[in-house]
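Each chain, written out:
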Amino acid sequence: MKKTVRTLADGRQLIYYDSRDDAVREAVDRRRLDPVSTSSEVRRDPLLGESVAIASHRQGRTYHPPADECPLCPSREGRLSEIPDEDYDVAVFENRFPSLSGESGRCEVVCFTSDHDASFADLTEEQAALVLAAWTDRTTELAELPQVKQVFCFENRGAEIGVTLGHPHGQIYAYPFVTPRTTLMLRSMEAHQAETGRNLFDDVVRREEADGSRVVLAGEHWVAFVPYAAHWPYEVHLHPRRRVPDLRALDEAARAEFPRMYLELLRRFDRLFGPDEPATPYISAWHQAPFDVPGRDGFGLHLELFTIRRSSGKLKYLAGSESGMGVFINDVPPETAAQRLREAASQ
């Protein structure tokens, strides 16, 4: 992998990740851009003890532009974009409309490919491995920022999820606090350790493999399963068999196997509802241990992949119980979801 760091016209950082060592990235951002002005701040909810980002400037962010004005496509004569080069493998840049910025953290955009009409599932294993390398590198660098407590790499796909740019891309949030979901995991991990003397993540994976009814895909270094108490209609957790706290700690064997496993899961999601259904909307989320917290080495890195589609033409909405009280009601039994995902295997 070759990494090239450039600067956009407004001072934001742009990073190219290329599979070829001889790739040259010298194109200059020729746009006339004002410096980025943000009003991001983090406020604390006194009742829940949770942090909320207030970012009013995001009201003006790019919203469903036509394909020929996509800001994530390579630049061409007469159409300049966030990517000055005429082509790229993987590109990462600071978000012009960040939810978090400055002492409140950092937000980055990860462009998986220059092909506007592709999706992550269309990538080759080599391309997917390059994205994994970019996620890992960004986690490593963002971990060095003094204000950053946790790094979250994720992808939203589909208009139903709320995606405003059709180009295949994801994001990275570097939070200045430990997120509520991770805080709950750490609390459960600590309680389980105190009660049993064992690691919670190890026991969860061990239980799923022993049961087998919810296992979707198993490799030498990764295992994917629908969790016993899945929140979403179709939800898969992908764990490395050797528990590690974050992407930086994955060994080469796990890195080599990940692209095949992950691409197969994404392709199965796309086959779930039949060939006449639009591409499956999903969220793909890496859960990594926060930095400088007690017991972080006991945290288990894993990826959670889920869709809000519960059946053909029907979405799962977060209504009263879910949004009002945080209690999920799942219409699809996890064992049924796992069986459907096994049946959707590539031929």
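Our subject is the structure that appears above.
Residues numbered from 1 in each chain as written. Predicted model: local features only at pLDDT ≥ 70, side-chain atom pairs only at ≥ 80, totals over all residues. Heavy atoms only, no water.

Visitor: Hey, could you go over the nonpolar core for me, with residue numbers and the actual values?
Guide: By size, the foremost hydrophobic cluster in this structure holds 54 residues, and its most contacted members are F120, W135, F258 and W286. Take this core: its biggest share by element is 8 residues, from helix α4 (residues 252–271). Those residues within four positions of F258 in sequence are excluded, and the remaining contacts are L132, W135, W222, L238, W286 and L303. The next biggest cluster of nonpolar side chains, apart from the first, holds 13 residues, and it includes L8, C70, L72 and A91. (Core = buried A, V, L, I, M, F, W, Y, C linked by side-chain atoms within 4.5 Å. Buried < 20%, exposed > 50% of the residue type's maximum accessible area, 1.4 Å probe, protein only. Helix = DSSP H or I, 4+ residues; strand = E, 2+ residues; numbered from the N terminus. Contact = heavy atoms within 4.5 Å.)

Visitor: Explain the packing of aromatic side chains to me, and be specific about the residues and the numbers.
Guide: Evaluation of the coordinates by the stated rule reveals 18 aromatic pairs. Aromatic pair F152 and Y175: ring centres 6.4 Å apart, planes at 25 degrees, arrangement stacked. One end of the pair, F152, is in strand β7 (residues 150–157); the other, Y175, is in strand β8 (residues 169–175), with 23 residues separating them in the sequence. The exposure classification of F152 matches that of Y175, with both residues buried. (Phe/Tyr/Trp six-rings, centres within 6.5 Å; stacked < 30°, edge-to-face > 60°.)

Visitor: Could you give an account of the pairing of strand β12 (residues 282–287), with specific residues and numbers?
Guide: Extensive coverage of β12 is indicated by the burial of 5 of its 6 residues. For β12 and strand β13 (residues 302–307), the ladder comprises 5 bridges, and the chain directions are antiparallel. Residue pairing in the sheet places H287 in a bridge with H302 of β13. (Pairing = 2+ DSSP bridges.)

Visitor: Would you mind going over the pairing of strand β6 (residues 106–111) in detail, with residue names and values included?
Guide: Here β6 lies mainly inside the structure; 6 of its 6 residues are buried. Neither face of β6 is open: one carries R106, E108 and V110, the other C107, V109 and C111, and all of them are buried. In the sheet, strand β5 (residues 90–94) pairs with β6 via 4 bridges, with the strands oriented antiparallel. Along β6, the bridge assignment pairs A91 with C111. Relative to β8, β6 runs antiparallel, the two being bridged by 6 bridges. Pairing of V110 across the sheet is with G170, part of β8.

Visitor: Please set out the sheet that holds β7 residue by residue, giving values where relevant.
Guide: Whenever strands of a sheet pair, they do so through backbone hydrogen bonds, lying parallel or antiparallel. Spatially, β1-β2-β5-β6-β8-β7-β12-β13-β11-β10-β9 is the arrangement adopted by the 11 strands of the open sheet, whose pairing is antiparallel. Each edge of the open sheet carries a strand with a single partner, namely β1 (2–7) and β9 (215–218). Strand-to-strand twist in this sheet, taken as the mean axis angle between neighbours without regard to direction, amounts to 20 degrees. Of the pairings in the sheet, the one linking strand β11 (residues 234–240) to β13 comprises 5 bridges and is antiparallel in character. In the strand pairing of β13, E235 is matched with F306. In this fold helix α3 (residues 200–211) packs onto β9, β10 (222–225), β11 and β13, with an angle of close to 70 degrees to the strand it touches most, β10. (Axes fitted to C-alpha atoms, helices over the stretch in contact; angles between N-to-C directions.)

Visitor: Break down the layout of surface pockets for me, citing the residues and quoting the values.
Guide: Roughly 1,800 Å³ of volume is contained in the largest pocket. Lining the largest pocket are 50 residues, and of these P180, R181, T182, M185 and H287 lie nearest its centre. Those elements giving two or more residues to the lining of the largest pocket turn out to be β4 (50–54), β7, α2 (180–196), α3, β11, β12 and β13. Split into classes, the residues belonging to the lining of the largest pocket amount to 26 nonpolar, 15 polar and 9 charged. (1 Å grid on protein atoms, 1.4 Å probe; cavity = no way out; pocket = protein on both sides within 12 Å on 5 of 7 lines; lining within 4 Å. Points joined across faces, edges and corners; volume = space filled by probe spheres on them. Nonpolar A, V, L, I, M, F, W, Y, C, P; charged D, E, K, R; others polar.)

Visitor: Residues and numbers for the environment of V90, please.
Guide: Relative to the helices and strands, V90 resides in strand β5. Overall, the relative accessible area of 1% leaves V90 in the buried class. On a C-alpha basis, the gap between V90 and Q127 in space is 8.3 Å, while along the polypeptide they are 37 residues apart.

Visitor: Summarise the side chain of K316; cite the residues concerned and give the values.
Guide: With respect to the helices and strands, K316 occurs in the loop between β15 (314–315) and α5 (320–325). Judged by relative accessible area, which is 9%, K316 ranks as buried. In terms of polar contacts, K316 uses its side chain to reach the side chain of E322, at 2.6 Å. Looking at K316, its side chain comes within polar contact range of the main-chain oxygen of I329, at 2.5 Å. Residue contacts for K316: discarding those within four places in its chain leaves W232, P233, I308, R310, E322 and I329. (Polar contact = N/O pair within 3.5 Å; in protein donor to acceptor, adjacent residues only side chain to side chain.)

Purely geometric stuff here, so don't read any function into it on its own.
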